Amino acid sequence: MEKAFAEIIKSVGEDLERDGLVDTPKRAAKAFQFLTEGYRRKVDDVVNDALFESDCNEMVIVSDIELYSLCEHHLLPFIGKAHVAYIPSGKVLGLSKVARIVDLFARRLQIQEQLTTQIAQTVQEVTNAAGVGVIIEAKHMCMMMRGVEKQNSVMRTSAMLGEFQSNQATRQEFLSLIAGSR
Ligand SMILES: Nc1nc2c(ncn2[C@@H]2O[C@H](COP(=O)(O)OP(=O)(O)OP(=O)(O)O)[C@@H](O)[C@H]2O)c(=O)[nH]1
Ligand SMILES: [Zn+2]
């Protein structure tokens, strides 16, 4: 990866020997490894058995989880928030683990739709919840810094599983609680 970054820097006409750039391929490779570390993590390790028996069967919402991902088309960041809700069915998930699941899939090359679905399916699989809802709102640098250059558009995606899909009242409760947090 270091070599690849060195090639990219040379290809823009820069001098790789100059002071500020000497260590840049190494730094950039380290940064890119971090931004894609989701490929090297496993759900079980991330969740770390932090599942707790509970007879709570009311909606749990973790909202406004910061999200940084990379669009797979341009390798530019998309940045925003994820809102994750589920209805427990015997087990609740450690609070931080919801955010860790978001990062696990965000730190990959992604499109927002797939990221949203992967988070929802994983929360469902891990908790066996009666329903899961995920909403992501994000701004894509590939639409802001280049290309169509629209600064204010926000992409909103959702994935609704189980009761969030079949029960209008559940979905509505989730949406109104999210709206309250905005
Ligand atoms: N659906 C979806 N599209 C995305 C996402 N991230 C980037 N894109 C889009 O992927 C598309 C790639 O289109 P192309 O025409 O192949 O690439 P391009 O010529 O660079 O397109 P422009 O961005 O329109 O300049 C663009 O419309 C991007 O806006 C995403 O998360 N979801
Ligand atoms: Zn893009």
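Here's a quick rundown of the structure. Only a predicted model underlies this, so the values are computations on that prediction, with no experimental measurement involved. Throughout, residues of each chain are indexed from 1 in the direction in which the sequence is written. Think of it this way: whatever chain is written first is A, whatever ligand is written first is 1, and the rest follow in order. Reporting of local features is limited, given that this is a predicted model, to residues whose pLDDT is at least 70; pairs of side-chain atoms are given and counted only at 80 or more, and all residues count toward the totals for whole chains, interfaces and linings. Excluding hydrogens and water, the side-chain figures rest on all heavy atoms present in the structure.

## A look at the coordination of the zinc ion (ligand 2)
And then number 1: For Na, K and Ca the donor cutoff is 3.2 Å, while for all other metals N, O and S atoms count as donors only within 2.8 Å; water does not appear among the atoms, so some sites may look incomplete. All of the protein donors around the zinc ion (ligand 2) are Cys71 (SG), His74 (ND1) and Cys142 (SG); their distances to the metal are 2.1 to 2.3 Å.
And then number 2: When accessible area is computed with a 1.4 Å probe and restricted to protein chains, residues below 20% of their type maximum are described as buried, those above 50% as exposed, and intermediate ones as partly exposed. Classification of Cys71 as buried rests on a relative accessible area of 4%.

## Quick word on the pattern of salt bridges
And then number 1: Salt bridges are counted wherever a side-chain nitrogen of Lys or Arg sits within 4 Å of a carboxyl oxygen of Asp or Glu. What the rule picks out here adds up to 7 salt bridges.
And then number 2: With a shortest N-O distance of 3.3 Å, Glu7 and Lys10 are connected by a salt bridge. Placement of both Glu7 and Lys10 in helix α1 (residues 2–11) is noted, with a separation of 3 residues, approximately one turn of the helix.
And then number 3: According to the relative accessible area criterion, Glu7 is partly exposed, its value standing at 47%.
And then number 4: On the accessibility criterion, Lys10 (45% relative accessible area) is partly exposed.
And then number 5: Across the pair Asp103 and Arg107 runs a salt bridge whose closest N-O atoms are separated by 3.7 Å.
And then number 6: Put simply, Glu37, Arg41, Asp103 and Arg107 are held in one network by salt bridges that share partners. Counting from the N terminus, the helices are DSSP H or I runs at least four residues long and the strands are E runs at least two residues long.

## Here we look at the nonpolar core
And then number 1: Ranked by internal contacts, the top residues of the largest apolar core, which has 30 residues, are Leu67, Val84, Ile101, Leu115, Ile119 and Ile136.
And then number 2: Where this core is concerned, the elements lending two or more residues are α3 (43–47), β2 (60–71), β3 (77–87), β4 (91–93), α4 (95–106), α5 (112–127) and β6 (131–140).
And then number 3: In what follows, a contact means two residues having at least one pair of non-hydrogen atoms within 4.5 Å. The residues touching Ile136, leaving out its near neighbours within four places in the chain, are Leu67, Lys81, Ala82, Gln112, Leu115, Thr116, Ile119, Met155, Arg156 and Thr157.
And then number 4: Judged by nonpolar contacts, the second largest core, of 8 residues, contains Ala85, Ile87, Ile135 and Ile178. Put simply, a nonpolar core is a bunch of buried Ala, Val, Leu, Ile, Met, Phe, Trp, Tyr and Cys residues held in one set by side-chain atoms that sit within 4.5 Å of each other.

## Overview of the site of ligand 1
And then number 1: What surrounds ligand 1 is the set Cys71, His73, His74, Ile111, Gln112, Glu113, His140, Cys142, Arg146, Gly147 and Met155.
And then number 2: Contact distances for ligand 1 include 3.3 Å between a nitrogen atom and a side-chain N or O atom of His140.
And then number 3: When the free accessible area of ligand 1 is taken as 630 Å², the share hidden by the protein chains comes to 52%.
And then number 4: Residues are grouped as follows: nonpolar covers Ala, Val, Leu, Ile, Met, Phe, Trp, Tyr, Cys and Pro; charged covers Asp, Glu, Lys and Arg; every other residue, Gly included, is treated as polar. Class assignment for the residues of the shell around ligand 1 results in 4 nonpolar, 5 polar and 2 charged. Residues are classed as near a molecule or strand on a simple rule: at least one heavy atom within 4 Å of it. Whenever two N or O atoms come within 3.5 Å, that pair is a polar contact, provided that in protein one can donate a hydrogen and the other can accept it, and provided that, for residues adjacent in sequence, both atoms are side-chain atoms. Areas reported here follow the Shrake-Rupley algorithm with a probe of radius 1.4 Å; residue values treat only the protein chains shown as occluding.

## What about the packing of aromatic side chains?
And then number 1: Within 6.5 Å between ring centres, the rings of Phe, Tyr and Trp (the latter by its six-membered ring) count as paired, and their orientation is classed by plane angle as stacked under 30 degrees, edge-to-face over 60, tilted in between. Evaluation of the coordinates by the stated rule reveals 2 aromatic pairs.
And then number 2: Between the aromatic rings of Phe5 and Phe32, the centroid separation amounts to 6.0 Å while the plane-to-plane angle is 70°, which identifies the pairing as edge-to-face. With Phe5 in helix α1 and Phe32 in helix α2 (residues 24–35), this residue pair connects regions lying 27 residues apart in the sequence.
And then number 3: Note on Phe164 and Phe174: the rings are 5.5 Å apart at their centroids and 85° apart in plane angle, and the pair reads as edge-to-face. Note that Phe164 is positioned in helix α7 (residues 163–166) and Phe174 in helix α8 (residues 168–181), a separation of 10 residues in sequence. The residues Phe164 and Phe174 share a single accessibility class, namely buried.

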